[in-house]
Amino acid sequence: MIKRIGILTSGGDAPGMNACIRSVVRAAYKKNIYVTGIEYGFKGLLNSNFINLSPESVGNMLHKGGTILKTNRCEEFKQKKYRKIAYNNLIKENIDGLIVLGGDGSFKGASILSKEFKIPVIGIPSTIDNDIYGSDYSIGFNTAVQTIMDSVDKIRDTASSHETIFFIEVMGRNSGHLAIHAGNVTGAELIMIPEIKIKNLDFLVNKIRKINIKKKSIIIIYAEGCNLGPIDKITEYVQKRMKNSNVRFSILGHIQRGGSPCEKDRINSSLLGYYSVNEIIKKGKSKMIGIINGKVTFLDLEKSIKTKKEINKNLFKITEIINNY
Ligand code: ADP
């Protein structure tokens, strides 16, 4: 029987993590299971940064961005000798199941630990990148899209007044899920993502020129991991080639990670937390929990980390069509 579970947040923070921690603690409480919060991700597991999480202690945080457990990256965790220390710390604390909120890197660490030491793990997709295979949804994604939308709407006002061609950088080192959604909801004329390579800078200039015949002000959503970057060099090049235009760039940066979680991120975080507790007490194979077509689903954790989540090519194509004419 599972008597105590540990919970940690790892990798990049995402709005909704706190709502999920709260849900895990309260769902576990109903089942007479204790919850230990592990601070600073896997690093905290190595250093025994443990705190008790009671149902009262997770009050007044449903609406708060970031993570009360803090988060960190931990290179040592990639080595078995450190994972052994982590496992020993779990045993000392009487933790017999682990819930990990993070992205694909965190899932990798959790999956290896689980396999090596036979400890059940549930991974909850929590990354604004929404790039985890096995779920349509990831905690924080919708809030991040909303933040980008609010910012780009403002840039659009000034861009259209000055008839500017604006490159706007959003997060996404390896994936364009965020950029595609952001591009759709902001009416961006062009979306640049790492998964779809653009041949070269001249090819890009030609694309912009074509759009520029009909529209003087253009918004280009640029995911940070695109092949032609960095964004300042691209802007410089396009400006040189389009001397009569006003070309600018803006990097949205870390504002995309912060803020109060939106309605969808609060509801889904609550559901994912609750069902993760239900699943971990079965002491079965380690899994990731997800939401597919509106339903909570589970998938082998190892399968999730070994498979790349495809971008929504249909949404990309439709967005290009309807945001131009
Ligand atoms: P994210 O979870 O957001 O993708 P990272 O890729 O930075 O963030 O991963 C978070 C942490 O997960 C890393 O700092 C490391 O502790 C752990 N991790 C990532 N990859 C591995 C791996 N191959 N083996 C063990 N641990 C890993």
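For the structure, see preceding data.
Residues numbered from 1 in each chain as written. Predicted model: local features only at pLDDT ≥ 70, side-chain atom pairs only at ≥ 80, totals over all residues. Heavy atoms only, no water.

J.: Outline the overall build of the chain, supporting the account with residue identities and numerical values.
T.: The secondary structure content of the chain amounts to eleven helices and eleven strands. Relative to its length of 325 residues, the chain is compact, with a C-alpha radius of gyration of 22 Å against a globular reference of 20 Å. With respect to the three principal axes, the spread of C-alpha positions in the chain is 70 × 40 × 30 Å. Of the contacts made within the chain by residues no fewer than 6 positions apart, 76% connect residues no fewer than 24 positions apart. Total accessible area computed for the chain in this model is approximately 15000 Å², and 51% of it derives from carbon and sulfur atoms. Mean positive and mean negative side-chain charge positions of the chain (49 and 30 charges, respectively) differ by 3 Å. (Helix = DSSP H or I, 4+ residues; strand = E, 2+ residues; numbered from the N terminus. Rg over C-alpha atoms; globule rule 2.2 N^0.38 Å. Contact = heavy atoms within 4.5 Å. Areas by Shrake-Rupley, 256 points an atom, 1.4 Å probe, with all protein chains shown as cover. Lys, Arg positive; Asp, Glu negative; His and termini not counted. Charge placed at Lys NZ, Arg CZ, Asp CG, Glu CD.)

J.: An account of the site of the ligand is requested, with residue identities and associated values reported.
T.: Among the 15 residues in the neighbourhood of the ligand, the closest are listed as R73, C74, G103, G105 and S106. Between the ligand and R73 there is a distance of 2.5 Å, counted from an oxygen atom to a side-chain nitrogen or oxygen. A distance of 2.6 Å separates an oxygen atom of the ligand from a polar backbone atom of C74. For the ligand, the protein covers 80% of the area, taking 550 Å² as the surface of the free molecule. It is helix α4 (residues 104-117) that contributes the most residues to the shell around the ligand, six residues altogether. The residue inventory of the shell around the ligand, partitioned by class, reads four nonpolar, seven polar and four charged. (Near = heavy atom within 4 Å. Polar contact = N/O pair within 3.5 Å; in protein donor to acceptor, adjacent residues only side chain to side chain. Nonpolar A, V, L, I, M, F, W, Y, C, P; charged D, E, K, R; others polar.)

J.: Describe α4, naming the residues involved and giving the relevant values.
T.: With 14 residues, α4 ought to run about 20 Å at 1.5 Å a step, and its terminal C-alpha atoms sit 20 Å apart, in line with that. Of the residues making up α4, those classed as buried are S106, F107, G109, A110, S111, L113, S114 and F117. Those residues of α4 that are buried are in contact with α2 (41-46), α3 (80-92), β4 (98-102), β5 (121-125), β10 (287-292) and α10 (301-306). Two residues or fewer past α4, K118 is found with a positive phi of approximately 55°. (Expected span 1.5 Å × (residues − 1). Buried < 20%, exposed > 50% of the residue type's maximum accessible area, 1.4 Å probe, protein only.)

J.: Any chance you could break down the pattern of salt bridges for me, citing the residues and the numbers?
T.: Following the criterion strictly, the structure yields 13 salt bridges and no others. With a shortest N-O distance of 3.2 Å, K78 and E75 are connected by a salt bridge. For the pair K78 and E75, one class covers both residues: exposed. Between E116 and R83 there is a salt bridge, and its shortest N-O distance comes to 2.7 Å. (Salt bridge = Lys/Arg side-chain N within 4 Å of Asp/Glu carboxyl O.)

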